Amino acid sequence: MLTRYAPSPTGHLHLGHVVNAIYVWGLARAADGRVLLRMEDHDRLRCRPEYEASILDDLAWLGFAPDAGLHPLLRQSGRDEVYRDALERLRRSHHVYACACSRKHIAGERYDGFCRDRALEDGPGRTLRIRFDERVERFEDRFLGVVEQVPASQCGDLLLRDRDGHWTYQFTVTVDDLAQGITDVIRGADLAASTGRQLQLRRMLGAPDRPRFAHHPLVLKPNGEKLSKSAGDTGVRELRRAGLTPDDVIGRAAAAVGLIDRPRPVAARDVAALFEPEPEQRT
């Protein structure tokens, strides 16, 4: 198993990120797997160096360390040429097109393909999209079971680059998982809806295989919303200042998603014990 911990440096870590670290390192260690660290800083308007420094400091304090000797820390902000090459591969075999539609025109998550056949010139203020066919993507998730999605119905033609020239999450994460040879994607359940579109894009890029998926439970507020970096919810920095130890914070996060029945200290080196060996998946 080769997986990754891939935060976005748009804020400080909170308990939800600690939960993800527990699942990533716990499942990897339970399977004798390895963990890479990736900074998903494709959003250059919101990502900041001070947030990256804070994330690295909190991870080190908690005791979650990527495996040495695999890759240096990968930052998406330094991979523009890689994404351009991937875009050209897509252009050669699929319908990639410039789009002039604004968020107001789209008025929802699904894009209706308005610019698909307009043959617009690519340029400032234009986005780039790729046409998705109406095909079913089926995958088996460790926690969600068998899932079927039709990306063309969910999101329409996929956005690859926004109008400010920034590569999108769906595009960069697919390219990077493929380039790094990631075999297992372990992330929060809020990203489960992205899986089908990433699998379809992965196939368009010529990938002969697919990773395994595990979309784990989230830490939710009393009103049912997920925790937010921008709102400073249950921040690791605040918990550190309050005098909690790393083991206290990990135990609190584990209890919040039911991995243990009550908060108690759990060391980062012991998180594998919270998981059973991965069952054999059906094809």
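Residues numbered from 1 in each chain as written. Predicted model: local features only at pLDDT ≥ 70, side-chain atom pairs only at ≥ 80, totals over all residues. Heavy atoms only, no water.

(A) Representation of unusual backbone geometry. The phi dihedral of D32 is positive, around 55°, even though this residue is not glycine. Despite not being glycine, A119 has its phi angle at roughly 55°, a positive value. Assignment of secondary structure puts A119 in the loop between α4 (103-106) and β5 (127-130). We classify A119 as exposed; its relative accessible area is 71%. (Helix = DSSP H or I, 4+ residues; strand = E, 2+ residues; numbered from the N terminus. Buried < 20%, exposed > 50% of the residue type's maximum accessible area, 1.4 Å probe, protein only.)

(B) Just the side chain of D157, in detail. Looking at the secondary structure, you find D157 in the loop between α5 (151-154) and β8 (158-161). A distance of 2.6 Å separates a polar atom in the side chain of D157 from a polar atom in the side chain of Y97. Separated by 2.9 Å, the side chains of D157 and R116 make a polar contact. If sequence neighbours within four positions are ignored, D157 has contacts with Y97, Y111, G113, R116, R129, I130, R131 and F132. (Polar contact = N/O pair within 3.5 Å; in protein donor to acceptor, adjacent residues only side chain to side chain. Contact = heavy atoms within 4.5 Å.)

(C) How the structure looks around the sheet that holds β8. Spatially, the three strands line up as an open sheet ordered β4-β5-β8, and their pairing is antiparallel. In this open sheet, the two edge strands, each paired with only one partner strand, are β4 (96-99) and β8. Going from strand to strand, the sheet's axes swing by 40° on average, the running direction of each strand aside. As defined by bridge partners, β4 adjoins β5 across four bridges and the pair is classed as antiparallel. Its bridge partner being in β5, C99 is matched across the sheet by T127. (Pairing = 2+ DSSP bridges. Axes fitted to C-alpha atoms, helices over the stretch in contact; angles between N-to-C directions.)

(D) How the structure looks around the nonpolar core. One finds Y5, V18, I22, W25, F64, I250 and V271 to be the most contacted residues of the largest nonpolar core, which totals 36 residues. Elements that contribute at least two residues to this core include exactly α1 (15-30), β2 (34-39), α2 (49-62), α8 (236-241) and α9 (246-256). Of the residues forming this core, the biggest block, 10 residues, is contributed by α1. When sequence neighbours within four positions are dropped, the list of residues in contact with I250 reads V18, I22, L62, F64, V266, A267, A268 and V271. Of all hydrophobic cores here, the second largest spans 19 residues; its members include L90, F132, W167 and L201. (Core = buried A, V, L, I, M, F, W, Y, C linked by side-chain atoms within 4.5 Å.)

(E) The sheet that holds β2, seen in detail. Read from one edge of the open sheet, three strands run β1-β2-β3, paired in parallel fashion. Single-partner strands in this sheet number two, and they are β1 (2-5) and β3 (74-75). Relative to β2, β1 is paired through four bridges, and the arrangement is parallel. Bridging across to β2, T3 finds its partner in V35. Of the strands in this sheet, β1 and β2 touch α1, which is tilted by about 165° from β1. Helix-sheet contacts for helix α6 (residues 169-180) involve β1, β2 and β3, and the interaxial angle to β2 is about 145°.

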